[in-house]
Structure formats: C-alpha cells, structure tokens
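# Architecture and fold: a report
The chain contents come next:
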Amino acid sequence: MSAERVAQLAYSEFQAAMLDEEKRRRKAAKIVAVLGHFLGRDRDVLDGLTVADIGCSAGFIADELAAAGARRTFGVDIDVPGLRKAAERFGERVEFVCADGTALPFPDGSIDVLVFNHIYEHVVDPDAIMAEMRRVLADDGVLYLGLGNRLGVMEPHYKLPFLSYLPPALADRYVRLSGRADSYYERYRTRRGLRRMVRGLRVWDYTFPVLATPAAFAGSELFPGVVGRVAGGVLARLPRSVLRGLLPVVPTYLWVATKGARRPAGASLPQPPDPVSPL
C-alpha cells in the first residue's frame, strides 16, 4: 500500500530542478509572455498589478514577475529552505511568505495576478487550493495555470514512460525498481479532471498558441532547436479539429483563468487561444 500523502516540506532540498535558475527563468519568461498576450500588454506586462506566485520555492519565477513591473509581488510556499534562499537573493522586491495554499494570507479579491505553475500534482488537496485562489483573486484578475496531464506519456519528474498512468501502489513499485525514488508522490489528473478542478472559472487554453508560435511566448524550451522550428511550423498549419483531437494526451496544458468574461486581448495568432468548456 502507498504511504499516506502529506505536505512536501523542503521540496527544493530533494528536487534539484527547483534550483535550476536558467530553466526556472525560461519558464518565467513563458508565463510573463502568456500573461502579456492575455492582458494585451507588450511591455511592463504586470505594471501596477499585485501578483502572487503560489508554490514559489526558491523564488526565480517570482523575481521575474517583479521584474515585469508588478507593483507588489508575493512568493508563497511551505518550502522553508527554498524561501530562505529566495529571501536572501530577491527579498528587496519580492515579499516571501511561508503559508499553505489552502489558507492564503490575503484578503478576498486582493490579488490581480496569480501564478500556479506545475504545483497541483504535488499538493495534498489541489481543489482546496483552487478554492483559495478563487477567493483571493480580484474580480477582474487573472490566474495562470501550468498543468501536467496524467495521460502525458513521459512522466516529467522521473522520466519514466506511463508512470502517471498507474495506480499508486504500482507507481511506487515502478519508481523503486527504476532506482529513482522510494515512492511516487505526484498525483496527476486527466484533462477532464482538470476541467473539473477549475469549475467556476472562465478558462482560455494557451497550449497550442505557445507550441505553434514558441518565439512569441519565449517557449523554445518546449521544442528546442531545429525540432522546435519544425514542430512549430507543423502545429501552426494543422486544422483546429486535428489539434483538438490531440488535447487528451498533450503532456502539459497552459491555461489562463478569470472569474468573469474577460477575453484574450493580444494580437491574432496562427493558433489562437481556445475557451475550455467547463464541467
């Protein structure tokens, strides 16, 4: 039987990727570019806005959000070693807070932009965190979501094919046999499960816009080099019906959510953002 899941404290101490500054800043550039397109802002994307990165760890993404012009930037996590490192480096322009995502220390409707990037699979109760983020998000605010898909073939943390497809006990055995971990903690959801998780929000899917035009979204990390240029060109020309057919097995979804009927305000794209049908 799998061990009971508890909060992953000090996550940056055993997940080296959280301290890979170059990679984290590339991810931040993509996040800022997506937010810029949705908000219709080419420069100083977050100018005058209050922003919070939920699950900030060592603070690289939060620092880039501050650099994008945010009036006030928060980084929130339970990763105390990561927060300590973050505060030492970026504490002059980011306010780091040790808090659980299920009890965010912000008033109702006080945050203009929330970032929740590849965090949900690590937490014990992602639905409770979603409810808290809805509570603190301003009525005209924006929530960026980077969401891994359970049906993505290659599991991104351990690089083992089909790992996330398995029930917990078999997944634990698989990572032990691979020698990469003692147990498999992460819990992914399918696209349908993720649509259920964001119930009550209006959601726009930026997955294919970013894949089809990576240069516009600083997203070259997804398909680097020649492969990226070829993949982007193919995706930019594929009929929308074909792309929609691929959605159930896309490894990562990039979504922007709002409380109201706000729409993407950026320039037209070869593959524009699609609304995500609620469940």
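Anyway, here's the lowdown on the structure attached to this text. (Residues numbered from 1 in each chain as written. Predicted model: local features only at pLDDT ≥ 70, side-chain atom pairs only at ≥ 80, totals over all residues. Heavy atoms only, no water.)

### Considering the sheet that holds strand 7 (residues 252-258)
Backbone-to-backbone hydrogen bonds pair the strands of a sheet. The strands run either parallel or antiparallel. Note the cut-off: By the convention used here, strands pair only if DSSP detects at least 2 bridges between them. Secondary structure counts use DSSP, requiring at least four H or I residues in a row for a helix and at least two E residues in a row for a strand, with both numbered from the N terminus. Pairs of residues are marked as contacts when any of their non-hydrogen atoms sit within 4.5 Å. To get an axis, a line is fitted to the C-alpha atoms, and for a helix only the part in contact is used. The angle between two axes follows their N-to-C directions and goes from 0 to 180 degrees.
Read from one edge to the other, the open sheet built from eight strands follows the order 3-2-1-4-5-7-6-8, with strand pairing classed as mixed. A single partner strand is all that each edge strand has here, and the edge strands are strand 3 (95-98) and strand 8 (274-275). Helix 4 (residues 80-90) rests against strand 2 (72-77) and strand 3 of the sheet, and its axis sits at about 165° to strand 3. Running at roughly 150° to strand 5 (residues 137-148), helix 5 (residues 126-136) makes contact with strand 1 (50-54), strand 4 (111-117) and strand 5 of the sheet.

### Topic: the pairing of strand 3
Selection criterion: Crossover handedness is defined here as right-handed if the route from the first strand over the helix to the second strand goes clockwise, with the strands pointing away from the viewer.
Relative to strand 3, strand 2 is paired through four bridges, and the arrangement is parallel. Across the sheet, residue aspartate 77 finds its bridge partner in strand 3, namely cysteine 98. A crossover links strand 2 with its parallel partner strand 3, the connecting element being helix 4, and its sense is right-handed.

### So, the packing of aromatic side chains
What counts is decided by this rule: Aromatic pairing here means that ring centres of Phe, Tyr or Trp (its six-membered ring) are within 6.5 Å. Orientation follows from the plane angle: under 30 degrees is stacked, over 60 is edge-to-face, and everything else is tilted. Each residue is assigned to one of three classes by its accessible area relative to the maximum for its type, calculated with a 1.4 Å probe on protein chains only: buried under 20%, partly exposed between the two thresholds, exposed over 50%. Here, a charge over a ring is recorded when the distance from Lys NZ or Arg CZ to the ring centre is within 6 Å and its angle to the ring normal is within 35 degrees.
A complete count under the given rule lists seven aromatic pairs for this structure. Each ring, one from tyrosine 158 and one from tyrosine 184, has its centre 5.8 Å from the other, and the planes form 70°; the classification is edge-to-face. Of this pair, tyrosine 158 sits in the loop between strand 5 and helix 6 (168-178) while tyrosine 184 sits in the loop between helix 6 and helix 7 (191-197), placing them 26 residues apart in sequence. On the basis of relative accessibility, which here comes to 16%, the residue tyrosine 158 falls in the buried class. Between phenylalanine 162 and tyrosine 165, the aromatic rings sit 5.1 Å apart at their centres with planes inclined by 85°, giving edge-to-face as the arrangement. Sitting above the plane of the tyrosine 253 ring, arginine 191 keeps its charged end 5.0 Å from the centroid.

### Things to note about the environment of leucine 201
By secondary structure assignment, the location of leucine 201 is in the loop between helix 7 and strand 6 (202-205). Once you skip the residues sitting within four places of it in the chain, leucine 201 turns out to touch Met130, Arg134, Leu143, Ala257, Thr258 and Lys259.

### As for a nonpolar patch on the surface
Stated formally: In this analysis, a patch consists of residues with relative accessible area above 30% that form no salt bridge, clustered at 9 Å for like charges and at 5 Å for the nonpolar side chains Val, Leu, Ile, Met, Phe, Trp and Tyr. Residue-level accessible areas treat just the shown protein chains as cover; the underlying method is Shrake-Rupley with a 1.4 Å probe. Criterion for a salt bridge: a side-chain nitrogen of Lys or Arg within 4 Å of a carboxyl oxygen of Asp or Glu.
Together, Val153, Phe162 and Tyr165 line one region of the surface with nonpolar side chains, adding up to about 250 Å² of accessible area. Looking at where phenylalanine 162 falls in the secondary structure, it is placed in the loop between strand 5 and helix 6.

### Here we look at the packing of helix 2 (residues 21-39) against helix 3 (residues 60-67)
Selection rule: Comment on the angle field: the value is read as roughly parallel under 35 degrees, roughly antiparallel over 145, roughly perpendicular from 65 to 115, and oblique elsewhere. Crossings are classed by handedness, with left-handed meaning an anticlockwise turn of the near helix from the far one by less than a right angle and right-handed meaning a clockwise turn. Polar here means any residue other than Ala, Val, Leu, Ile, Met, Phe, Trp, Tyr, Cys and Pro, which are nonpolar, and Asp, Glu, Lys and Arg, which are charged; Gly is therefore polar.
At their nearest, the axes of helix 2 and helix 3 sit 8 Å apart, and the two run at 45° to each other. In terms of axis orientation, helix 2 runs oblique to helix 3. Judged by the twist between their axes, the crossing of helix 2 over helix 3 is right-handed. Two secondary-structure elements touch here, helix 2 through Glu21, Arg24, Arg25, Lys27, Ala28, Ile31 and Val32 and helix 3 through Phe60, Ile61, Asp63, Glu64 and Leu65. Tallied by class, residues from the contact of helix 2 with helix 3 come to six nonpolar, no polar and six charged.

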